[in-house]
Amino acid sequence: MTQSVSFRITRTAEDVAQMLNALSQRLVKLEQRLESLELQMRQQRSGAESMPDEERQRLDDVDQLLLDCQELLNSTELCSDAVSDPVGISAQSSLTESDHEAAAA
């Protein structure tokens, strides 16, 4: 009986040691990966900071133009929907009112 208990303890200790070794290796790999990612981030930040002011201004202008175009498209879609189907809109609103009345009853 004592031998089997001793064997189990020894086996368990070996399993724990192997697990600790595997975890230590994974931790080292994760630390190396983290260092690599941090280095990449630092390089990207320094690249962004070294962007010339003219290029940054051009990009800002392009962003503003895109926003203006998007607003223009949205406003034209709304206007064309209202002009092309004014009857459909009133039919939908009257349908909605009748649905509310039926639900209330």
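Per chain, residue numbering runs from 1 following the sequence as it is written. Selection of residues for local features in this predicted model requires a pLDDT of at least 70, selection of side-chain atom pairs for listing and counting requires 80 or more, and totals for whole chains, interfaces and linings are taken over all residues. Note: side-chain values were computed over all heavy atoms of the structure, leaving out hydrogens and water.

**Observations regarding the overall build of the protein chain**
Line of reasoning, step 1. A helix here means a DSSP run of H or I that spans at least four residues, while a strand means a run of E at least two residues long, and both kinds are numbered starting from the N terminus. Each helix and strand in the protein chain was counted, giving three helices and zero strands.
Line of reasoning, step 2. Helices and strands appear in the protein chain in the N-to-C order α-α-α.
Line of reasoning, step 3. The buried share among the 105 residues of the protein chain stands at 1%. The buried label applies to any residue whose accessible area, calculated with a 1.4 Å probe on protein chains only, is under 20% of its type's maximum; exposed applies above 50%, and partly exposed to all values in between.

**Things to note about the confidence of the model for the protein chain**
Line of reasoning, step 1. Taken residue by residue, the protein chain gives an average pLDDT of 79. The fraction at 70 or more is 70%.
Line of reasoning, step 2. Within the protein chain, no element has a lower average pLDDT than helix α3 (residues 86-104), which sits at 51, and none a higher one than helix α1 (residues 2-49), at 87. A score between 0 and 100, pLDDT records how confident the predictor is in each residue.

**So, a nonpolar patch on the surface**
Line of reasoning, step 1. Patches in this entry comprise residues that are over 30% relatively accessible and not in a salt bridge; like charges within 9 Å are linked, as are nonpolar side chains (Val, Leu, Ile, Met, Phe, Trp, Tyr) within 5 Å. In these tables, accessible area is a Shrake-Rupley quantity obtained with a 1.4 Å probe, and a residue counts as shielded only by the protein chains included in the view. Each salt bridge in this description consists of a side-chain nitrogen of Lys or Arg and a carboxyl oxygen of Asp or Glu lying within 4 Å of one another. Residues Val-16, Met-19, Leu-20 and Leu-23 make up a contiguous nonpolar surface patch of about 390 Å² in total accessible area.
Line of reasoning, step 2. Relative to the helices and strands, Met-19 resides in helix α1.
Line of reasoning, step 3. Exposure remark for Met-19: the relative accessible area of 51% places this residue in the exposed category.

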